[in-house]
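# Structure assessment
As a plain string of letters, each chain reads:
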Amino acid sequence: MNELGQPLGDELDQWQSCALPERMVIKGKYCRLEPLDPVLHAEQLYEAFIEDMQEANWTYLPYGPFNKFTDFKVWLDVSCEGNDPLFFTVIDNSSSCAIGLASYLRIAPLNGVIEVGHIHFSPKLQKTVMATEVMYLMMKHIFDELGYRRYEWKCDSCNQGSKKAALRLGFKFEGIFRQATIYKGRNRDTAWFSILDKEWPALKLAFEHWLDTSNFDEQGHQKRSLQDC
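A few points on the structure. These figures come from a predicted structure and were not determined experimentally.

### Description of the overall build of the protein
The secondary structure content of the protein amounts to five helices and eight strands. Element order for the protein, N to C, with α for helix and β for strand: β-β-α-α-β-β-β-α-β-α-β-β-α. Seen through its principal axes, the protein has C-alpha atoms that stretch 65 × 45 × 30 Å. Looking at the protein residue by residue over its 229 residues, the buried ones come to 45%. Relative to all contacts within the protein whose residues are 6 or more apart in sequence, the contacts with residues 24 or more apart total 62%. Of the accessible surface of the protein, which amounts to about 12800 Å², a share of 51% is contributed by carbon and sulfur atoms.

### Brief notes about the packing of helix α3 (residues 129-145) against helix α5 (residues 200-211)
Where α3 meets α5, the closest approach of the two axes is 11 Å, and the angle between their N-to-C directions is 150 degrees. Crossing geometry of α3 relative to α5 is assigned as left-handed. Across the interface between the two elements, Val 129, Thr 132, Glu 133, Tyr 136, Met 139, Lys 140, Phe 143 and Asp 144 of α3 pack against Trp 200, Lys 204, Phe 207, Glu 208, Trp 210 and Leu 211 of α5. Here the contact of α3 with α5 is composed, by residue class, of eight nonpolar, one polar and five charged.

### Remarks on the sheet that holds strand β2 (residues 31-35)
Spatial ordering of the open sheet is given by β1-β2-β3-β4-β5-β6-β8-β7, a layout of eight strands whose pairing is mixed. Since the sheet does not close on itself, it has two edges, and those belong to β1 (26-27) and β7 (172-183), each with one partner. The sheet strands contacting helix α4 (residues 160-168) are β6 (150-156), β7 and β8 (186-196), and the helix crosses β6 at an angle near 160 degrees.

### Re the packing of helix α1 (residues 38-49) against helix α2 (residues 69-79)
Packing of α1 against α2 leaves a shortest axis separation of 10 Å and a crossing angle of 130 degrees. Classed by the angle they form, the pair α1 and α2 counts as oblique. For the pair α1 and α2, the sense of crossing is right-handed. Between α1, through Pro 38, Val 39, Ala 42, Glu 43, Leu 45, Tyr 46 and Phe 49, and α2, the contact on the second element is made entirely by Phe 69, Phe 72, Lys 73, Leu 76 and Asp 77. Residue composition of the contact of α1 with α2, grouped by class: nine nonpolar, no polar and three charged.

### Brief notes about the nonpolar core
Here is a general trend for soluble globular proteins: nonpolar side chains tend to be buried in one another's company. If you look at the biggest cluster of nonpolar residues, it comprises 44 residues, and the most contacted ones within it are Tyr 104, Met 135, Met 138, Met 139, Tyr 151, Trp 153 and Phe 171. At the level of elements, β2, β3 (86-92), β4 (98-108), β5 (113-121), α3, β6, β8 and α5 are the ones that each hand at least two residues to this core. The element contributing the most residues to this core is α3, with eleven residues. Counting 17 residues, the second largest nonpolar core, distinct from the first, contains Leu 45, Phe 49, Tyr 63 and Cys 80.

### Regarding the packing of aromatic side chains
Applying the stated criterion to the full structure yields 22 aromatic pairs. Centroid distance Trp 58 to Tyr 63: 6.4 Å. Interplanar angle 75 degrees. Geometry classified as edge-to-face. Exposure remark for Tyr 63: the relative accessible area of 13% places this residue in the buried category. Relative to Tyr 151, the ring of Phe 143 has its centre 6.1 Å away and its plane inclined at 70 degrees; by these criteria the two rings are edge-to-face. With respect to class, Phe 143 is no different from Tyr 151; both count as buried. Taken together, the ring pairs in this structure connect Tyr 46, Phe 49, Trp 58, Tyr 63, Phe 66, Phe 69, Phe 72, Trp 75 and Phe 87 into an aromatic cluster. Positioned above the aromatic ring of Trp 15 is the side chain of Arg 149, whose terminal nitrogen or guanidinium carbon lies 5.7 Å from the ring centre.

Conventions and cut-offs
- Residues numbered from 1 in each chain as written.
- Predicted model: local features only at pLDDT ≥ 70, side-chain atom pairs only at ≥ 80, totals over all residues.
- Heavy atoms only, no water.
- Helix = DSSP H or I, 4+ residues; strand = E, 2+ residues; numbered from the N terminus.
- Buried < 20%, exposed > 50% of the residue type's maximum accessible area, 1.4 Å probe, protein only.
- Contact = heavy atoms within 4.5 Å.
- Areas by Shrake-Rupley, 256 points an atom, 1.4 Å probe, with all protein chains shown as cover.
- Axes fitted to C-alpha atoms, helices over the stretch in contact; angles between N-to-C directions.
- Left-handed = near helix turned anticlockwise from the far one by under 90°.
- Nonpolar A, V, L, I, M, F, W, Y, C, P; charged D, E, K, R; others polar.
- Pairing = 2+ DSSP bridges.
- Parallel < 35°, antiparallel > 145°, perpendicular 65-115°, else oblique.
- Core = buried A, V, L, I, M, F, W, Y, C linked by side-chain atoms within 4.5 Å.
- Phe/Tyr/Trp six-rings, centres within 6.5 Å; stacked < 30°, edge-to-face > 60°.
- Lys NZ or Arg CZ within 6 Å of the ring centre and 35° of its normal.

Put into structure tokens, the structure is as follows:
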């Protein structure tokens, strides 16, 4: 309470602005994140993405699909080499092939808020251990190394797969922003999710238990789910 009897938020006397995420390699056990370089990654990404024969992965993205490699390459060159969004390419450690994209965006270091988005996992990456490790690596980097307070996930409220993924990864649902934007000639109500820094230590431990090699049998099947961990 202040002197007028009005309730106030917690004081953050020790708070300092966070650093901006940099274009750096983030290494994991099963995969790594490399700053997107269209010269190095465009061809492999395009080949990975076109394995999605029905092009379902593009439905809820505001761009694509790209029927020609040249169009895809132009999009990468024009839209994906800035610092916000800051795009990373997912590289399979076993094959050294580019198999997906993800980014940090709406980066607000003064408030310690950052969003993950533009997530596009090819069929080679979907429903693999690497897919979960990518999200863990991105969270770990912003919480443990950069000191952010809030990590956001937003998606079209019609995108059931994205909402399910957010909950599985430990994000908490916050609500729907109605008629938030328009893309591909459609209305988008946006579902908001978040993880806070105080929630991260328990989530980090769960991710690390799940990702440990002892949690998988010889066929690569999980013994315990992420939720169980």
